[in-house]
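One letter stands for each residue in the lines below.
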Amino acid sequence: MSDPKKLAIKDFVYELPDERIAKFPLAERDQSKLLYYKSGSIADHTFTDLPGLLPDGSLLVFNDTKVVQARLLFRKETGGIVEIFCLEPVKPYAEVQLAMQQTGHSTWKCLVGNNKRWKEGKLYLHFEGGTLTAEREAHQNGHFLINFNWEPAELTFAEVLERCGKLPLPPYLNRDLTPEDRTRYQTVYANQEGAVAAPTAGLHFTDRVLEAIKAKGMRTAYLTLHVGAGTFKPVKADVMEAHEMHAEQLYLTKPVLEQLLAHLQQGKPIIPVGTTSMRSLESIYWLGVKVLQQPDLLQQELHITQWFAYETIHLPEPPEAIKALLAYMANYNTDHLHASTKIIIAPGYSFKICSGLVTNFHQPESTLLLLVSALIGENWRKVYQHAMDNNYRFLSYGDSSLLLP
C-alpha cells in the first residue's frame with residue numbers, strides 16, 4: 001500500500017488541451033458519452049445506457065445540493081466594480097442550511113475581487129425591491145469576513161442571492177455566464193441551497209434516466225454535501241502531506257443511513273454519483289468510527305480531518321459504523337445530522353462503503369484525480385487516454401464515466 005501523504009502530485013498529470021474542455025453543455029443532458037470501465041476493460045456508451053450497465057441491486061447515491069448565485073457585483077460611487085464571492089457562512093449561523101434562511105443580516109467568509117478599489121466604508125447593491133449592503137469586518141488567510149445587511153429585512157439570504165447574485169461558473173470555462181447556465185449548471189434533482197459549485201457528475205441525469213433506473217429495480221438515495229470553491233483549489237505542494245484539503249458541510253438523514261445499512265447488510269453495491277457523493281459516503285463511515293471511539297462526542301465535533309482515515313486502527317465493519325451513527329442520532333433525539341469533512345481519498349485508501357463511481361473527467365494534478373486513482377489504480381491512465389483518443393469532452397460540462405473496479 002502506498003502512503004498517500006508521500007504521493008507526488010506530478011505523478012498525476014496528463015495533457016489536457018484547452019479545446020478538450022467542454023465550454024458549454026450539450027443540447028440534451030443525457031446524450032453525453034459514457035465511458036464504461038469494469039475490471040480493466042473499457043467500452044463506449046451513451047449516458048442513457050447507464051441503467052443497463054449498473055450492477056444488479058445497486059443503490060445509487062446522489063448529492064442534492066443546489067448551486068446558489070454566490071457572486072455579488074457591487075458598484076462603487078466612482079463606477080468601479082468590486083466582486084464579492086460568498087464561500088461559507090460564519091454568523092449568526094455557520095450551517096449553510098440555516099444561513100440561507102437567515103433574514104436581515106448575515107456574516108460570510110468571502111473572496112473579494114478588485115479589493116484594492118475598496119479602501120473603506122460600505123458597498124451597496126440595489127436590486128428589484130431592495131438593497132444589499134456589504135461591510136468588511138476582518139481579513140484572515142486570504143479571505144474577508146463580510147457583514148451583509150439587506151432591505152426588505154424579511155427576505156431570506158437565499159432570496160437575496162436569487163434576486164441580485166450571479167451563478168459562479170468554474171474558472172476554467174473562462175467565459176461569461178449565459179441564461180442557459182442558470183438551469184444547466186444545476187442538477188434536475190437539486191434541492192438544498194448552499195453549493196458554490198455543481199456536483200457535475202449529476203448534470204447528465206434526466207427524469208428519463210432516473211425512471212429507467214427505478215424500472216430496473218434499483219434504489220436511489222439523496223444526501224447533501226455543499227460543494228465549496230475549494231473543489232477547484234489546485235495542488236501546489238510537491239507531496240500531498242503539504243496540501244490542505246478544504247472542508248465541506250455534510251447533511252445526513254436517518255432514512256438515508258437506514259438505506260445504506262440495509263444495502264451493506266445485504267451485500268449489494270452502493271454507487272455514488274460524483275466525487276462529492278463518494279466523499280460523503282466514505283465520511284459517513286468515519287463519522288461512525290468517531291462516534292464509536294467517543295460516544296459522548298458533541299454534535300458540533302462531528303468533523304473528519306484530512307488524514308483521519310489513514311491514522312485510525314481497530315476499524316469496525318461498515319454496518320457497525322452506521323449503526324453507531326443511528327444510535328447517536330437516537331440519543332440526541334434527531335432524525336438528521338450536520339457534519340463537516342476534509343477527507344482526502346487517494347491511492348492507499350481502503351473503500352468502506354462505495355463499490356464504484358459515476359463521474360466526469362477531472363483536471364490534471366487534482367485531488368479528484370487522486371480519488372479516481374484510489375478506486376481503479378494505475379488504470380486511471382488507461383481510462384483517460386481512451387477518453388482523449390475517442391474525443392470525450394472534459395471537466396464540468398464534459399462527458400461521463402461509470403467506473404467499476
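Residues numbered from 1 in each chain as written. Predicted model: local features only at pLDDT ≥ 70, side-chain atom pairs only at ≥ 80, totals over all residues. Heavy atoms only, no water.

With 14 residues, helix H9 (residues 318-331) should reach 20 Å at 1.5 Å per residue; the first-to-last C-alpha distance of 20 Å fits that figure. Along H9, the residues that are buried comprise Pro-318, Pro-319, Ala-321, Ile-322, Ala-324, Leu-325, Leu-326, Tyr-328 and Met-329. Considering only its buried residues, H9 is in contact with strand S13 (248-253), helix H6 (254-265), helix H7 (275-293) and strand S16 (336-341). Looking at the residues trailing H9, positive phi occurs at Asn-333, about 55°. (Helix = DSSP H or I, 4+ residues; strand = E, 2+ residues; numbered from the N terminus. Expected span 1.5 Å × (residues − 1). Buried < 20%, exposed > 50% of the residue type's maximum accessible area, 1.4 Å probe, protein only. Contact = heavy atoms within 4.5 Å.)

The subject of this paragraph is the pairing of strand S12 (residues 219-226). Counting buried positions along S12 gives six out of eight residues, so the element sits mostly inside the fold. The pairing of strand S3 (residues 59-63) with S12 spans five bridges and is parallel. The partner of Leu-59 across the bridge, within S12, is Arg-219. Taken together, the three bridges between S12 and S13 define a ladder with antiparallel strand orientation. Opposite His-226, over in S13, you have Gln-249 as the bridge partner. (Pairing = 2+ DSSP bridges.)

In this structure, Lys-5 sits in the segment before strand S1 (33-38). Engagement of the side chain of Lys-5 in a polar contact is seen with the side chain of Glu-311, the distance being 2.9 Å. Apart from residues no more than four positions distant in its own chain, Lys-5 is found in contact with Val-239, Met-240, Glu-241, Trp-307 and Glu-311. (Polar contact = N/O pair within 3.5 Å; in protein donor to acceptor, adjacent residues only side chain to side chain.)

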